[in-house]
Amino acid sequence: MAKILVVTSGKGGVGKTTTSAAIGTGLALRGHKTVIIDFDVGLRNLDLIMGCERRVVYDFVNVVNGEATLQQALIKDKRVENLFILAASQTRDKDALTKEGVEKIIEELSKTHDFILCDSPAGIEKGAHLAMYFADEAIVVTNPEVSSVRDSDRMLGLLASKSRRAEQGEDPIKEHLLITRYSPERVDKGEMLGVEDVEEILAIRLLGVIPESQAVLKASNSGTPVILDDQSDAGQAYSDAVDRLLGKEKPHRFLDFKKKSWVERLFGGR
């Protein structure tokens, strides 16, 4: 049976889809057969970040409605073995997904995959609820700012009370914290929350800290998961997060602000 992960947050624009693409790719690179499902019906960004938008013929809603089989809709990644994408629909309403339809697809995928990643839309509407409902584990993505952290805290409440596990009295969803767009320099200046501040507010296990990086934007624009850019700090941070998700101990990097020496400031070194 597959392990079902949801990548979620209360606030939009924090990097959920970037995270879903990176974590899913990282799991597949480590030999785990992985599928990433885009639950953001009406917007659909996962296929863009994965660079497979031209290959979408059938989508998630088509399968739910019985208009296509799962095998017709699944897109196999061309770069990474064991990685598949199920795109969302751009033309349907957010209510097109049903709990019964989603459950049927997840059960079918569970027979052949090791991990199912559910890329949740922002907020607490139906798509977000369905993305988290069947989850075994949740990656809660937040930026180190008060409004983003507050919205993530609200999402933790929903994960604890509105999931299938909660309804059936099973062990709760295992929660992981992923902080994105982290800038030690801005933390040093008091312009954003530090890692310890976010951990204290949310009180869940820290999975990773992804530094603010131009590599993320560059990767998104080129349709390449940033984890494949192993020379970038963001790519390395996501790779570390995947290792921790799989149970490996890894020290957290990119947390400290290294002040430039007077020689570096004088000659513009970085």
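Residues numbered from 1 in each chain as written. Predicted model: local features only at pLDDT ≥ 70, side-chain atom pairs only at ≥ 80, totals over all residues. Heavy atoms only, no water.

It is worth spelling out empty space enclosed by the protein at this point. Where empty space is left becomes clear once a probe the size of a water molecule has been rolled over the atoms. Scanning the entire structure with this criterion turns up one cavity of 30 Å³ or more. Roughly 40 Å³ of volume is contained in the largest cavity. Every residue along the wall of the largest cavity is listed here: G208, V209, I210, A237, D240, R244, H252, R253 and F254. Contributions of two or more residues to the lining of the largest cavity are made by strand 8 (205–211) and helix 12 (233–245). Here the lining of the largest cavity is built from residues that sort into four nonpolar, two polar and three charged. (1 Å grid on protein atoms, 1.4 Å probe; cavity = no way out; pocket = protein on both sides within 12 Å on 5 of 7 lines; lining within 4 Å. Points joined across faces, edges and corners; volume = space filled by probe spheres on them. Helix = DSSP H or I, 4+ residues; strand = E, 2+ residues; numbered from the N terminus. Nonpolar A, V, L, I, M, F, W, Y, C, P; charged D, E, K, R; others polar.)

Attention now moves to the packing of helix 1 (residues 16–29) against helix 12. Two packed helices can be described by the angle between their axes and the distance between those axes. Interhelical geometry of helix 1 versus helix 12 gives an angle of 60 degrees and a closest axis separation of 9 Å. Crossing hand, helix 1 versus helix 12: right-handed. Together, T18, T19, A22, I23, G26 and L27 of helix 1 and Y238, A241, V242 and L245 of helix 12 make up the contact between the two elements. Partitioned by chemical class, the residues of the contact of helix 1 with helix 12 number seven nonpolar, three polar and no charged. (Axes fitted to C-alpha atoms, helices over the stretch in contact; angles between N-to-C directions. Left-handed = near helix turned anticlockwise from the far one by under 90°. Contact = heavy atoms within 4.5 Å.)

Moving on, we come to the nonpolar core. Ranked by internal contacts, the top residues of the largest apolar core, which has 48 residues, are F39, F60, L97 and I116. If you look at the next biggest cluster of nonpolar residues, it comprises 36 residues, including A22, I49, I75 and L117. (Core = buried A, V, L, I, M, F, W, Y, C linked by side-chain atoms within 4.5 Å. Buried < 20%, exposed > 50% of the residue type's maximum accessible area, 1.4 Å probe, protein only.)

Here we take up the packing of aromatic side chains. The full count for this structure, using the stated rule, is two aromatic pairs. Measuring from centroid to centroid gives 5.0 Å for F39 and F60, while their planes differ by 80 degrees, and the two rings are edge-to-face. Of the two residues, F39 sits in the loop between strand 2 (34–38) and helix 2 (46–49) while F60 sits in helix 3 (residues 60–64), which places them 21 residues apart along the sequence. Here F39 and F60 have matching classes, each one buried. Centroid distance Y133 to F134: 4.8 Å. Interplanar angle 85 degrees. Geometry classified as edge-to-face. The two residues Y133 and F134 agree in class, both being buried. When the ring centre of Y133 is taken as origin, the NZ or CZ atom of K99, which lies over that ring, is 4.1 Å away. (Phe/Tyr/Trp six-rings, centres within 6.5 Å; stacked < 30°, edge-to-face > 60°. Lys NZ or Arg CZ within 6 Å of the ring centre and 35° of its normal.)

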